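# Close look at the chain arrangement
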Amino acid sequence: MVENTADRIWQTTLGQLELQVTRPNFETWLKDTVGLSITDTTLHVGTPNDYATTWLSTRLLPLIAKTVAGIAGRPMSVVFELNGSASAACIEEAEASLFGGPHTATASVIRSPSPKPRLREKFTFERFVVSDSNRLAYASCLALADTPQEHVSPLFIYGHVGLGKTHLLHAIGHRLYRRDMRFYYTSSEHFTNEFVTAIAQGRADEFRRRYRQLDVLLIDDIQFLGGKERTQEEFFYTFNDLEHAGASVVITSDRPPEQVAGLARRLRSRFQGGLVVDVQPPDRETRLAILHAKSADLKPAIDPAVFETLADRSSDNVRDLEGSLNRVTAYAQLVKSPTVTVEVANQALSAFSPHVSPTAPQPAHVINTVARFFGLTTEALAGKSRAKTIADARHIAIYILREDCHLHLKEIAAYFGNRDHTSILHAHRKITTLLRTEPQMQQQVAQLRFQVTQ
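A word on the confidence of the model for the protein. Interpretation of this model should avoid reading the predicted coordinates in detail wherever pLDDT is low. On average, residues of the protein carry a pLDDT of 80, and 86% of them reach 70 or more. No element of the protein has a lower mean pLDDT than helix H4 (residues 91–96), which averages 36, and none a higher one than strand E4 (residues 155–158), which averages 95. Considering only residues more than four positions removed or in separate chains, one finds that residues 84–116, a stretch of pLDDT under 50, has 69 contacts.

Scanning the model with the defined rule gives 16 salt bridges in all. Residue glutamate 126 pairs with arginine 175 through a salt bridge whose shortest N-O separation is 3.8 Å. Residue glutamate 126 is located in the loop between H4 and helix H5 (135–146), and its partner arginine 175 is located in helix H6 (residues 165–178); the two are separated by 49 residues in the primary sequence. The closest approach of N and O atoms between aspartate 132 and arginine 135, which form a salt bridge, is 3.1 Å. Linked through salt bridges whose partners overlap, the residues forming this network are Asp205, Arg208, Arg212, Glu234 and Asp241.

Here the focus is the sheet that holds strand E3 (residues 77–82). Where strands meet in a sheet, backbone hydrogen bonds hold them as pairs that are either parallel or antiparallel. Taken together, the three strands give an open sheet; going across it, the order is E1-E2-E3, and neighbouring strands pair in mixed fashion. Every interior strand has two partners, whereas the edge strands, strand E1 (34–38) and E3, have only one. Averaged over all pairs of adjacent strands, the angle between strand axes in this sheet comes to 30 degrees, irrespective of strand direction. With six bridges joining them, strand E2 (residues 42–47) and E3 adopt parallel strand pairing. Across the sheet, residue threonine 42 finds its bridge partner in E3, namely serine 77.

The next subject is the packing of helix H17 (residues 388–403) against helix H19 (residues 421–437). Two numbers describe a pair of packed helices, the interaxial angle and the distance between the axes. Two elements in contact, H17 and H19, have axes whose closest approach is 8 Å; the angle formed by their N-to-C orientations is 95 degrees. Regarding the angle of H17 to H19, the classification is roughly perpendicular. Between H17 and H19, the residues in contact are Asp392, His395, Ile396, Ile398, Tyr399, Arg402 and Glu403 and Ile424, Ala427, His428, Lys430, Ile431, Thr432 and Leu435, respectively. A breakdown of the residues in the contact of H17 with H19 according to their chemical character gives seven nonpolar, three polar and four charged.

An order of E5-E6-E7-E4-E8 is seen for the five strands of this open sheet, with the pairing classed as parallel. The open sheet has two free edges, formed respectively by strand E5 (183–187) and strand E8 (275–278), since each of these has just one partner strand. Adjacent strand axes in the sheet meet at a mean angle of 15 degrees, parallel and antiparallel pairs treated alike. As paired elements, E4 and E8 share four bridges and run parallel to each other.

Moving on, we come to the pairing of strand E6 (residues 216–220). Most of E6 is tucked away: five of the five residues are buried. Relative to E6, E5 runs parallel, the two sharing five bridges. Counterpart to serine 187 in the pairing with E6 is aspartate 220. Between the parallel pair E6 and strand E7 (residues 248–253), the chain is carried across by helix H9 (residues 229–244), and the sense of this crossover is right-handed.

Cut-offs and rules
- Residues numbered from 1 in each chain as written.
- Predicted model: local features only at pLDDT ≥ 70, side-chain atom pairs only at ≥ 80, totals over all residues.
- Heavy atoms only, no water.
- pLDDT = per-residue confidence, 0-100.
- Helix = DSSP H or I, 4+ residues; strand = E, 2+ residues; numbered from the N terminus.
- Contact = heavy atoms within 4.5 Å.
- Salt bridge = Lys/Arg side-chain N within 4 Å of Asp/Glu carboxyl O.
- Pairing = 2+ DSSP bridges.
- Axes fitted to C-alpha atoms, helices over the stretch in contact; angles between N-to-C directions.
- Parallel < 35°, antiparallel > 145°, perpendicular 65-115°, else oblique.
- Nonpolar A, V, L, I, M, F, W, Y, C, P; charged D, E, K, R; others polar.
- Buried < 20%, exposed > 50% of the residue type's maximum accessible area, 1.4 Å probe, protein only.
- Right-handed = clockwise from strand over helix to strand, strands pointing away.

What follows is the structure in structure tokens.
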């Protein structure tokens, strides 16, 4: 029970941290961490390798400790430690465990799937709630997992964030693992990082062998390949080799192929030539079914009326829905409530919901912090100057106001001389795009997001 409580609190923490740090930092350092144990004063968190342990302990610890304290309702120390036997000496083997088979630097050909690949245990077909909004995507994934050689490839699944696309990829992986097939689950960002590292280390041939001797390649968030011409070229040839060998490729994206910005025409054409299916937001009935399914392993007991409350007030994002459920159950345990009642749920959501968080930074504080960070005045930031330094700082401020303060475009425009809302939207999109590819921008925004929470 202590371990379960630790992981629930940590999952709630991750939900809030995902809103406060850049996507690359979250995906690289936080995504694969787990809550191990908890005492009255300390939360122990497991990491996949020594690098993550060191980075989190030295770079993100203040922000993490503050977030955990807000969830626990008291000051808490956070200790990061290796989860299992991974170490810096075996990082390559740990990364290779993503494959459905072992891999070493001297034997890069993928063999039979042992040890078990790193897939989310609960992301199986049996735990996926099927409804009209996702039935075709579910059926397509199930058919491919059972008979990949007979299925149209590629299978391209698209839909907004948090609707179950990653769940389906992991479910395919679980089914393929049980059938002793060679597969690999990855994200386009991880693919890019692996490719860049392989080129830098002179191991491009090894990289290609690892990716091109598969039965099925599962790749998440393909939209992040947009604009990466060299990586797209490598993926194109990988895709071709797999197709010619009779292998299958399953791809997810937040938009259909024709709307993926910066995607090469030949890749877009290949994606459109396969089976393209979408995943729609769940209706209220489906949201209730998801909540019942997700609560099966949770304690304490949950009053059925709580599901109605969560289904009504949560967005159509399944990930947010599950996050709300985790928050209320973790809160009930913290306050030692034997049952999650509607009253307890409302208290938990009002205290911890990222959309109505009492700790959300004040807009004026964000603007002052950004101006000070770049050595500017707030008047210059809000003024009409288009000098690059001022414009860049202004765009970052707009991004943080939109993402962390949850302001509408017109509300943000009011802080910047009542600019047209299209200018505010352009600034937000520009920073969003740069955060995918520019390390300096990632670092600046991460530092500012940390500073505005102080």
